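Here is how the chains run, residue by residue.
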Amino acid sequence: MNNAGMRVHNFSAGPAMLPVEVLEQAQTELLDWGGSGMSVMEVSHRGKAFVACAAQTEASLREVMGISDDYACLFLQGGALGQFAAAPLNLSVAGDTIAFLNTGDWSKKAIAEARKYADVAVLADTADSSFTTLPQPGSYEVPADAAYLHYTPNETIRGVEFQAVPQAGAVPVVADMSSTILSRPVDVDAHGVIYAGAQKNMGPSGLVVVVVRRDLLGRARPETPTVWDWTVQAGADSMINTPPTFSLYLLGLVLDWVKGNGGLAGMAERNKAKAALLYSFIDASPFYSNPVDPAYRSWMNVPFLMASPDLDKQFVAEAAAAGLTNLGGHRSVGGMRASIYNAMPLEGVQALVDFMKEFERTHG
Ligand SMILES: *Cc1c(COP(=O)(O)O)cnc(C)c1O
């Protein structure tokens, strides 16, 4: 057990760890936010102070990600899963075909949800490889009449990550960026829509960010739930009802932290170094392995296996006792997984590698 008050190295896939500076600032401001005598959770979302806070969060997101005025930024609820339904409802009519790249568990869920609303064409599917690789660019063709092409830039469970945005010609590209947003520079203009649940790299759960090119607004089906109607929300600063105020505030603090640490280029440098440290250790060890095609290994989620899978439970328990928590693999795949999002420092990954070495020495 850890001493009370001691922070652990938290490798959770989500909700994930947050930068300690951000938590400390939130703590400092918790009882009296900006001289209001209230916490940010207790003020009206229509009040001047909170409206300014939300506007600042949006301005920071635009600055950090390089989002132009051609795009609307929406701050909604219902998570990424809600957007699995909102995307078809906002971008297609019944009978349309939506194109998908099926590259893992999250793509699969997005496909299942889209099938409720439209026809689905799966252009490429890496299930045969147990989702350990990605489709080669040029190995599939996007039908010109597809409503949009949906892909998952980073598959959180298997740990595969696209290194380039898929080409789709004039067909809008829609990305579920939940587990990689803010981790490296992104070509926003290559996308029609980017959406992401906040709880991996952006802040607490309860918030989903949707970045949508304005020329794609105005197409929602009449039956679209109003809270997920991108056009309505874009016209109301995402405040047709009460937004997740604390999550929005905290996203603002996280974006300030990203800015103070070199922006997305700085995040990429940190994340690349962390991933390289862990993968190079795994590759050099006869005891540990990572099944993913090295060309597409995720910088954010690193699944790994041991030569003796019967030791998995012991590994996870001993790691937790050593202050390295949430290292169990997703229940659908087993093994271990280290999620090393933006907030995980290099020292955390080094501590994991040191623990893995010692575990191999004593149990290998
Ligand atoms: C976590 C995750 C989701 C689910 O997000 P919710 O906000 O819980 O709905 C969807 N897609 C990806 C890629 C994820 O990592």
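Since this is a predicted model, take the numbers as computed values, not measurements.

Trainee: Tell me about the sheet that holds strand β2 (residues 71-76), residues and numbers included.
Mentor: If you walk across this open sheet you meet the seven strands as β2-β10-β9-β8-β5-β3-β4, and the pairing is mixed. Every other strand in the sheet has two partners, leaving β2 and β4 (119-125) as the edge strands with one partner each. Between one strand axis and the next, the sheet turns by 20° as a mean value, whatever way the strands run. With six bridges connecting them, β2 and strand β10 (residues 208-213) associate as antiparallel partners. From the neighbouring strand, Cys73 faces β10, where its bridge partner is Val211. Sheet strands touched by helix α2 (residues 48-65): β2, β9 (193-197) and β10. Its angle to β2, the strand with the most contacts, is close to 125°. Each of β2, β3 (97-102), β8 (173-176), β9 and β10 is contacted by helix α3 (residues 79-91), which is oriented at about 155° to β9, the strand it contacts most.

Trainee: So what about the packing of helix α7 (residues 263-284) against helix α9 (residues 346-363)? Which residues, and what values?
Mentor: Their axes nearest at 9 Å, the elements α7 and α9 cross at an angle of 10°. By the angle between their axes, α7 is roughly parallel relative to α9. In this structure, α7 contributes Ala273, Lys274, Leu277, Leu278, Phe281 and Ile282 to the contact, and α9 contributes Leu346, Val349, Gln350, Leu352, Val353, Met356, Lys357 and Glu360. Broken down by class, the residue content of the contact of α7 with α9 amounts to ten nonpolar, one polar and three charged.

Trainee: If you had to explain the nonpolar core to someone new, which residues and values would you point to?
Mentor: By size, the foremost hydrophobic cluster in this structure holds 56 residues, and its most contacted members are Phe50, Leu61, Met65 and Leu182. Counting residues per element, this core draws most heavily on helix α6 (residues 245-260), which supplies nine residues. Among the domains, domain 1 (24-260) and domain 2 (262-363) are the pair contributing at least three residues each to this core. Among all residues touching Phe50, those that are not within four sequence positions of it are Trp33, Val40, Val43, Ser44, His45, Met239, Pro243, Thr245 and Leu248. Formed by 34 residues, the second largest nonpolar core is a distinct cluster that contains Val302, Phe304, Tyr341 and Leu352.

Trainee: Any chance you could break down the pairing of β9 for me, citing the residues and the numbers?
Mentor: Summarising burial for β9: five of the five residues are buried, a large majority. Neither face of β9 is open: one carries Val193, Tyr195 and Gly197, the other Ile194 and Ala196, and all of them are buried. As paired strands, β9 and β10 are joined by five bridges and run antiparallel to one another. By the bridge assignment, Tyr195 is partnered in β10 with Val210.

Trainee: Break down the packing of helix α8 (residues 312-321) against α9 for me, citing the residues and quoting the values.
Mentor: Where α8 meets α9, the axes come as close as 11 Å, and the angle between the chain directions of the two elements is 130°. It follows that α8 is oblique to α9 by the angle criterion. Every pair of crossing elements has a handedness; the one defined by α8 and α9 is right-handed. Where α8 approaches α9, its residues Gln314, Phe315, Glu318 and Ala319 are matched on the opposing element by Phe355, Met356, Phe359 and His363.

Trainee: For the domain arrangement of the protein chain, give the residues involved together with the corresponding values.
Mentor: A common measure of how large an interface is: the accessible area buried when the components associate. Under the domain assignment, the protein chain is made up of domain 1 (24-260) and domain 2 (262-363). Here domain 1 and domain 2 have C-alpha centroids that lie 27 Å from each other. When domain 1 packs against domain 2, the two sides together hide about 2200 Å² of surface, and 56% of this comes from carbon and sulfur. Applying the counting criterion to the domain 1 and domain 2 interface returns zero salt bridges. At the boundary of domain 1 with domain 2, the tally comes to 16 residue pairs in polar contact (both at pLDDT 80 or more).

Rules of the game
- Residues numbered from 1 in each chain as written.
- Predicted model: local features only at pLDDT ≥ 70, side-chain atom pairs only at ≥ 80, totals over all residues.
- Heavy atoms only, no water.
- Pairing = 2+ DSSP bridges.
- Helix = DSSP H or I, 4+ residues; strand = E, 2+ residues; numbered from the N terminus.
- Axes fitted to C-alpha atoms, helices over the stretch in contact; angles between N-to-C directions.
- Contact = heavy atoms within 4.5 Å.
- Parallel < 35°, antiparallel > 145°, perpendicular 65-115°, else oblique.
- Nonpolar A, V, L, I, M, F, W, Y, C, P; charged D, E, K, R; others polar.
- Core = buried A, V, L, I, M, F, W, Y, C linked by side-chain atoms within 4.5 Å.
- Buried < 20%, exposed > 50% of the residue type's maximum accessible area, 1.4 Å probe, protein only.
- Domains from an automatic or database assignment.
- Left-handed = near helix turned anticlockwise from the far one by under 90°.
- Buried area = accessible area lost by both parts, 1.4 Å probe.
- Salt bridge = Lys/Arg side-chain N within 4 Å of Asp/Glu carboxyl O.
- Polar contact = N/O pair within 3.5 Å; in protein donor to acceptor, adjacent residues only side chain to side chain.

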